[in-house]
Amino acid sequence: DLAAMLDGNPPAGKPDRDGDFRWSGVAGRPALMNRLEELQDAMRPAVASKADFTGKLDELLHAVELVAVIGEVIRQPDYEYHDDDTYLGHAAAMRDAAAAARAACDRKDYDAARTAVGAIEKACSDCHGDYRG
């Protein structure tokens with residue numbers, strides 16, 4: 001499931017757990033949002049400059065992979081707003097931007113990584129504008 005989610009696909013699931021398994025039982029959304037904030041704090045310095053990108057590539061890669069996973073997990077049916085198209089769009093945008101950042105890291109493409117990290121930040125800001133506070 002993790003490999004599928006890192007590729008931007010939904011978890012395939014296993015027949016023996018489909019009816020009982022709930023992602024929210026693994027991690028609540030508030031904890032996931034806190035982790036996303038920590039990941040953003042790790043991503044920003046890694047794209048501050050090309051030299052920082054080169055020196056922090058492994059940290060950035062790790063962070064964007066986790067962002068992609070969280071972006072998919074929070075779309076699952078047991079999370080609040082799972083049936084709201086706007087919310088799902090924000091989560092998908094975050095997930096897709098994280099996948100683009102991962103691909104940029106693989107290519108060692110600083111400009112693409114910086115753009116993708118900016119798109120992650122925008123997806124978070126847009127979602128918070130619609131659903132927070």
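Here, the structure is the one placed above.
This section reports on the structure supplied with the text.

What counts and what doesn't
Residues numbered from 1 in each chain as written. Predicted model: local features only at pLDDT ≥ 70, side-chain atom pairs only at ≥ 80, totals over all residues. Heavy atoms only, no water. Helix = DSSP H or I, 4+ residues; strand = E, 2+ residues; numbered from the N terminus. Expected span 1.5 Å × (residues − 1). Buried < 20%, exposed > 50% of the residue type's maximum accessible area, 1.4 Å probe, protein only. Contact = heavy atoms within 4.5 Å. Arc of directions from axis to C-beta. 1 Å grid on protein atoms, 1.4 Å probe; cavity = no way out; pocket = protein on both sides within 12 Å on 5 of 7 lines; lining within 4 Å. Points joined across faces, edges and corners; volume = space filled by probe spheres on them. Axes fitted to C-alpha atoms, helices over the stretch in contact; angles between N-to-C directions. Parallel < 35°, antiparallel > 145°, perpendicular 65-115°, else oblique. Left-handed = near helix turned anticlockwise from the far one by under 90°. Nonpolar A, V, L, I, M, F, W, Y, C, P; charged D, E, K, R; others polar. Disulfide = S-S within 2.5 Å.

End to end, helix α4 (residues 57-73) covers 24 Å across 17 residues, agreeing with the expected 24 Å (1.5 Å per residue, within 8%). Of all 17 residues in α4, twelve are buried; the element is thus mostly enclosed. Buried-residue contacts for α4 involve α1 (2-6), α2 (29-46), α3 (50-55), α5 (85-107) and α6 (110-131).

With 18 residues, α2 should cover 26 Å at 1.5 Å per step; its first-to-last C-alpha distance of 26 Å lies within 8% of that length. Residues of α2 that are buried include every one of R29, L32, L36, L39, Q40, M43 and A46, and no others. The buried residues of α2 all sit within an arc of 120° when viewed along its axis, so they share a single face.

Moving on, we come to the layout of surface pockets. In this model, the largest pocket occupies a volume close to 320 Å³. Forming the walls of the largest pocket are 18 residues, and the residues nearest its centre are R29, M33, Y87, C127 and H128. Contributing elements (two or more residues each) for the lining of the largest pocket: α2, α5 and α6. For the lining of the largest pocket, the leading source of residues is α2, giving six residues.

A word on the packing of α5 against α6. Closest axis-to-axis distance for the α5/α6 pair is 8 Å, and the angle between their directions is 165°. Taken together, the axes of α5 and α6 lie roughly antiparallel to each other. For α5 against α6, the interelement crossing comes out left-handed. The residues of α6 that touch α5, namely those facing T86, Y87, H90, A93, M94, A97, A98, A100, A101, A104 and R107, are A112, A113, A116, A119, I120, A123, C124, D126, C127, D130 and Y131. Partitioned by chemical class, the residues of the contact of α5 with α6 number 17 nonpolar, two polar and three charged.

Applying the stated criterion to the full structure yields zero disulfides. C124 supplies the cysteine sulfur nearest to C105, a cysteine that is in no disulfide, at a spacing of 16 Å. Of all cysteine sulfurs in the structure, the one in C127 sits closest to C124, which takes part in no disulfide; the separation is 7.7 Å. On the accessibility criterion, C124 (11% relative accessible area) is buried.

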